[in-house]
Amino acid sequence: MTMERMKHLLPNDRMKVMQQEVFFTDADSVLTLLYQPLIGREAVALFQFLKEEAAKQAADASTSHHYVMTMLNMDLDEFYEARKRLEAIGLLKTYKESLSYTTFYYLLQPPFSAKGFFADSMYAVLLEHQVGQDVANQLKRKLIQPKQLPDSVQQITTSFDEVFTTVAPKEEAEGHSVKQEKQIEESSLPVDWLKKMLSQQQLKPDSILTQSNLIFMEKMIKIYDVNFLELEKAVMWAVTEASTLDRKEFHAMCKDIYYKKHGTVPPRLYRQNEQSTEKPPINKNKSTNTSNQSENLSKKDKLIHHFETITHRQLLEDQSSSGVASMKEIDMITEMMETHGLEQPVMNVLVDYVLKRNQNKLAKNYLETIAAHWSREKITTAEQAMDIAKREHHMYQKWQQKKQTQTKKSNEVLPKWFKEQKESKKKQPVKQEKSAEELEKDRQELEQFIKSFQK
């Protein structure tokens, strides 16, 4: 053994230990009770020592194998054998670097969870052969099988909806109707209806409405207060060409729906009977969807209504010839809206203003500068945002006109005769002013000249 080990490992060889993945919470129990019967206590002791080293060793530091031998009271042959067992069982990956001296990199691999260990047919069978079927079953019951409740018990657990809501509680007059509506809409997902809707669109419901996707969707609509009609829109938006659900897109659409309905106050856990410290979102719509009222709206009112009834995602989609908005831009605008506390209609005006001013480009720094300014100015409605945008645009136009006038004057071509006349005036000697005595003499001469004509 010594000769073989000396070909591969020496006491003065350096070592660095790293752990890149988080271990399961039951890792210590699994190592002691399940892995140890297979690989021995020396290998498990070495793994636990390396785990401590990985947590405490500096990124640029290394240590010698002699140090490990001293700490674990084992010779290098025993270390080498334990290391090979860890590598073979899948708990350690070893890399070697040969420069001026040899360094081994030990990358720790996470042990199975107890459930994962018994689910793996190879490890489960090996353990059963090592400790016997009775002991293996006993370990399985101890580590993964849940405790059984008596048949006589009745569950009285309070549900999430009975205690919490993610929407800031409104005034009591609104609260009752909102709660009733949520109980009707969010009781469960209408799977049959969703399947029918997807089939009508020539999509594959089974690949979209998987069990894990349904659980995810139910959580998202609970957080973002999405009703079933809005759910249809979110699902259709998030379906990919391969008939799968893009969870990131679905999440983003639910977020858009929430901000459109509830403003910039993000979803948080509120108690159902709790009075929110946040200012309730105000319904700033000045008109309803009736055709009679829309006909009576002025051009400005229609524009305000437009900004108040869409999200920035829809605004960007309308501006794009493909009808598709950039997710990067959507995320940037959403984050900026939350950071500066701007209402959705205000953010819509801001995005529209920047696109028109900046040749349809959304420069982040430019956008954020104006967002911070409007936040300080306490701009809360689309009308206020349009007014301040109009004032700033007029100021910009005046500044541009002044700049162009100054540039025109500086570049104006003057006639040649004007320049020659100006130069000749500069060359003429400056006429010196007369002294007081000379002025007095001239005055007297002028008086005598006048008297001569009076005789």
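Quick notes on the rules
- Residues numbered from 1 in each chain as written.
- Predicted model: local features only at pLDDT ≥ 70, side-chain atom pairs only at ≥ 80, totals over all residues.
- Heavy atoms only, no water.
- Helix = DSSP H or I, 4+ residues; strand = E, 2+ residues; numbered from the N terminus.
- Buried < 20%, exposed > 50% of the residue type's maximum accessible area, 1.4 Å probe, protein only.
- Salt bridge = Lys/Arg side-chain N within 4 Å of Asp/Glu carboxyl O.
- Pairing = 2+ DSSP bridges.
- Contact = heavy atoms within 4.5 Å.
- Axes fitted to C-alpha atoms, helices over the stretch in contact; angles between N-to-C directions.
- Patch = residues over 30% accessible without salt bridge, like charges linked within 9 Å, V, L, I, M, F, W, Y side chains within 5 Å.
- Areas by Shrake-Rupley, 256 points an atom, 1.4 Å probe, with all protein chains shown as cover.
- Phe/Tyr/Trp six-rings, centres within 6.5 Å; stacked < 30°, edge-to-face > 60°.
- Core = buried A, V, L, I, M, F, W, Y, C linked by side-chain atoms within 4.5 Å.
- Arc of directions from axis to C-beta.
- Polar contact = N/O pair within 3.5 Å; in protein donor to acceptor, adjacent residues only side chain to side chain.
- Parallel < 35°, antiparallel > 145°, perpendicular 65-115°, else oblique.
- Left-handed = near helix turned anticlockwise from the far one by under 90°.

A. Expanded view of unusual backbone geometry. Here the phi dihedral of glutamine 359 falls at roughly 55 degrees; this positive angle occurs in a residue that is not glycine. Take glutamine 359: it is sitting in the loop between α20 (344-357) and α21 (364-376). A positive phi angle is found at lysine 378, which is not glycine, with a value near 60 degrees. Mapped onto the secondary structure, lysine 378 falls in the loop between α21 and α22 (382-410). Assessed through its relative accessible area of 62%, lysine 378 is described here as exposed.

B. A look at the pattern of salt bridges. One pass over the full model with this rule turns up six salt bridges. Here glutamate 87 and arginine 83 are joined by a salt bridge, their closest N and O atoms 3.1 Å apart. One end of the pair is glutamate 87 and the other is arginine 83, both in helix α5 (residues 76-89) and four residues apart, which spans about a single turn. A relative accessible area of 27% places glutamate 87 in the partly exposed class. In this structure arginine 83 comes out as buried when scored by relative accessible area, which is 7%. Look at the salt bridges and you will find they share partners, linking Lys300, Glu383 and Asp387 into a network.

C. Looking closely at the pairing of strand β1 (residues 14-19). Pairing geometry for β1 and strand β2 (residues 63-64), over two bridges, is antiparallel. Looking across to β2, one finds that methionine 15 is bridged to threonine 63. Across six bridges, β1 lies against strand β4 (residues 102-108) in parallel orientation. Each bridged residue has a counterpart across the sheet, and for lysine 16 the counterpart in β4 is tyrosine 105.

D. Representation of the sheet that holds β4. On the basis of which strands lie adjacent, the open sheet formed by four strands has the order β2-β1-β4-β3 and mixed pairing. Bordering the open sheet on either side are β2 and β3 (92-98), each of which pairs with just one other strand. Bridge count for β3 against β4 is seven bridges, and the pairing is antiparallel. Of the residues in β4, the one forming a bridge with tyrosine 95 is tyrosine 105. Strands β1, β2, β3 and β4 of the sheet are contacted by helix α3 (residues 41-56), whose axis makes an angle of about 85 degrees with β1. Contacting β3 and β4, α5 crosses the sheet at an angle of about 120 degrees to β3.

E. Quick look at the side chain of asparagine 213. Mapped onto the secondary structure, asparagine 213 falls in helix α13 (residues 211-223). Once residues lying within four places of it in the same chain are set aside, the contact partners of asparagine 213 are Ser207, Ile208, Leu245 and Arg247.

F. Fine view of a nonpolar patch on the surface. Nonpolar side chains collect at one region of the surface, where Met3, Met6 and Leu10 lie side by side and expose about 310 Å² of accessible area between them. Tracing the backbone shows methionine 3 in helix α1 (residues 2-8).

G. Looking closely at the packing of aromatic side chains. Across all of its chains, the model carries twelve aromatic pairs by this definition. Here the aromatic rings of phenylalanine 112 and tyrosine 123 are separated by 5.4 Å at their centres, their planes lie at 70 degrees, and the arrangement is edge-to-face. On the criterion of sequence distance, the pair formed by phenylalanine 112 in the loop between β4 and α6 (114-119) and tyrosine 123 in helix α7 (residues 121-131) is long-range, its members being eleven residues apart. Seen in terms of ring centroids, phenylalanine 117 and phenylalanine 118 are 5.9 Å apart; in terms of plane orientation they differ by 75 degrees. Their pairing is edge-to-face. By relative accessible area, phenylalanine 118 is classed as buried at 14%. An aromatic cluster of at least three residues, connected via ring pairs, comprises Tyr35, Phe112, Phe117, Phe118 and Tyr123.

H. Summary view of the environment of histidine 312. Within the secondary structure, histidine 312 sits in helix α18 (residues 312-319). Of the residues examined, histidine 312 reaches a relative accessible area of 0% and is grouped as buried. Distance in space between the C-alpha atoms of histidine 312 and valine 349 is 9.2 Å, their sequence separation being 37 residues. Setting aside residues no more than four positions away along its own chain, histidine 312 makes contact with Asp256, Ile330, Ile333, Thr334, Met337, Gln344 and Asn348.

I. Looking closely at the nonpolar core. Counting 59 residues, the largest nonpolar core has Met217, Leu231, Phe250, Leu350, Leu362, Leu367 and Trp374 as the members making the most contacts within it. The element contributing the most residues to this core is α20, with eight residues. Once residues within four sequence positions are removed from consideration, phenylalanine 250 is found in contact with Phe216, Met217, Met220, Ile221, Leu231, Ala234, Val235, Ala238 and Leu245.

J. Representation of α7 within the structure. For α7, every residue scored as buried is listed here: Tyr123, Ala124 and Leu127. Mapping the buried residues of α7 onto a view down its axis gives an arc of 100 degrees, with all of them on the same face. Of the residues in α7, the exposed ones pointing more than 90 degrees away from the buried face are Ser121 and His129. Close packing links the buried residues of α7 with α2 (27-39), α5, α6 and α8 (133-143). The backbone nitrogen of methionine 122 has a side-chain oxygen 3.1 Å away, supplied by the residue at the start of α7, namely aspartate 120.

K. Focus on the packing of helix α19 (residues 327-340) against α20. Contact pair α19 / α20: the axes reach a minimum separation of 11 Å and the direction vectors enclose 130 degrees. Relative to α20, α19 is oriented oblique. Regarding α19 and α20, the two cross each other, and that crossing is right-handed. In contact with Ile333, Met336 and Met337 of α19, α20 contributes Gln344, Met347 and Val351.

L. Fine view of the environment of alanine 252. Checked against the element boundaries, alanine 252 lands in helix α15 (residues 247-262). The class for alanine 252 is buried, based on a relative accessible area of 10%. The spacing of alanine 252 and isoleucine 330 is 78 residues in sequence and 8.6 Å in space, taken between C-alpha atoms. Not counting chain neighbours up to four residues away, the residues in contact with alanine 252 comprise Arg313 and Met327.

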